[in-house]
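Summary of the model geometry
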Amino acid sequence: MTDQTIQQQLRAIVDAARERRAEDVTVLDLTDVSSTLEYFVICTATAGLQLNAVQENIREKAQAAGLPRPSVEGPSERWLLLAFGGGIVVHIMTKDAREYYDLEGLWSDAGVLEFPEQLTS
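Residues numbered from 1 in each chain as written. Predicted model: local features only at pLDDT ≥ 70, side-chain atom pairs only at ≥ 80, totals over all residues. Heavy atoms only, no water.

Focus: the overall build of the chain
Rules: Each helix corresponds to a stretch of at least 4 residues labelled H or I by DSSP, and each strand to a stretch of at least 2 residues labelled E; elements are numbered beginning at the N terminus. Each radius of gyration reported is based on C-alpha atoms, and the globular scaling rule is 2.2 Å times the count of residues to the power 0.38. The cut-offs for exposure are 20% and 50% of the maximum accessible area for each residue type, with area from a 1.4 Å probe on protein chains only; residues under the lower value are buried, those over the upper are exposed, and the others partly exposed.
Across its full length, the chain carries four helices and six strands. N-terminal to C-terminal, the α/β element order of the chain is α-β-β-α-β-β-β-α-α-β. Relative to its length of 121 residues, the chain is compact, with a C-alpha radius of gyration of 13 Å against a globular reference of 14 Å. Within the span of the chain, comprising 121 residues, buried residues form 43% of the whole.

Okay, here's the thing in structure tokens:
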């Protein structure tokens, strides 16, 4: 898969999360620090309905961008994980879970990819 394709797929996931009001959407590039993982997308949502809305929108937009159907871990009221084949893993977490598990801290040696908010007219 080309780097450009991966960037487009990550962009689709980031935009889908933001469309459903997920907060603090972060993309970690793990390609230099892990032999099995490539990218983590981490975002914060309130429990229950918003968590579900974010995950449904991400699934839909990711598949439209050419990603396979994800496997889902969880779901719990605090954390939902979507694993797309090819190394993109999306973590949708409540604020409490995100602070508790501190994935950004655990993977602090990973690069952070910037996907600025796109202005919609």
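Don't stop here, the text continues.
A word on the environment of Arg 78
Under the convention used in this document: Residue contacts are counted whenever heavy atoms from the two residues lie within 4.5 Å of one another.
Its place among the elements puts Arg 78 in the loop between strand E3 (71-73) and strand E4 (79-84). It is 5.6 Å that separates the C-alpha atoms of Arg 78 and Met 93, two residues lying 15 residues apart in sequence. If near-sequence neighbours (up to four positions away) are discounted, Arg 78 is found in contact with Leu 51, Ile 92, Met 93, Thr 94, Asp 96, Ala 97 and Tyr 100.

Notes on the environment of Ile 6
Its location among the elements puts Ile 6 in helix H1 (residues 3-19). Between the C-alpha atoms of Ile 6 and Lys 61, which are 55 residues apart in sequence, the distance is 14 Å.

Side note on the side chain of Thr 26
Selection rule: Distance and chemistry together define a polar contact, namely a pair of N or O atoms within 3.5 Å, with one atom able to donate a hydrogen and the other to accept it when in protein, and with adjacent residues in sequence counting only for side-chain atoms on both sides.
Tracing the backbone through its elements, the reader meets Thr 26 in strand E1 (residues 23-29). There is a polar contact of 3.2 Å between the side chain of Thr 26 and the side chain of Arg 98. Not counting chain neighbours up to four residues away, the residues in contact with Thr 26 comprise Phe 40, Val 41, Ile 42, Arg 98, Glu 104 and Val 112.

As for the nonpolar core
Note the following rule: Put simply, a nonpolar core is a bunch of buried Ala, Val, Leu, Ile, Met, Phe, Trp, Tyr and Cys residues held in one set by side-chain atoms that sit within 4.5 Å of each other.
Counting 25 residues, the largest nonpolar core has Ile 13, Ile 58, Phe 84, Ile 88, Val 90 and Ile 92 as its most contacted members. Of all elements in the fold, only H1, E1, strand E2 (39-44), helix H2 (49-64), E4 and strand E5 (88-93) reach the threshold of two or more residues within this core. Sort the elements by how many residues they give to this core and H1 lands first, with six residues. If sequence neighbours within four positions are ignored, Ile 88 has contacts with Gln 9, Leu 10, Ile 13, Tyr 39, Val 41, Leu 67, Leu 82 and Ala 83. One finds Leu 30, Leu 81, Val 89 and Ala 97 within the second-largest nonpolar core, a separate group that totals ten residues.

Things to note about H2
Here is the rule we go by: In a helix, the anticipated span is given by 1.5 Å times the number of residues less one. Each direction from the helix axis to a C-beta atom contributes to the arc, which is the arc of those directions.
Between its terminal C-alpha atoms H2 stretches 23 Å, which fits the 22 Å expected from 16 residues at 1.5 Å a residue. Taken together, the buried positions of H2 are Gln 50, Leu 51, Val 54, Gln 55, Asn 57, Ile 58 and Ala 62. In an axial view of H2, the angular spread of the buried residues amounts to 165°, which keeps them on one side of the axis. Opposite the buried face of H2, by more than 90 degrees, sit the exposed residues Leu 49, Glu 60 and Ala 64. At its buried positions, H2 is contacted by H1, E2, E4 and E5. Residue Gly 66 follows H2 closely and has a positive phi angle near 100°.

Any functional reading would require information that these geometric values do not contain.
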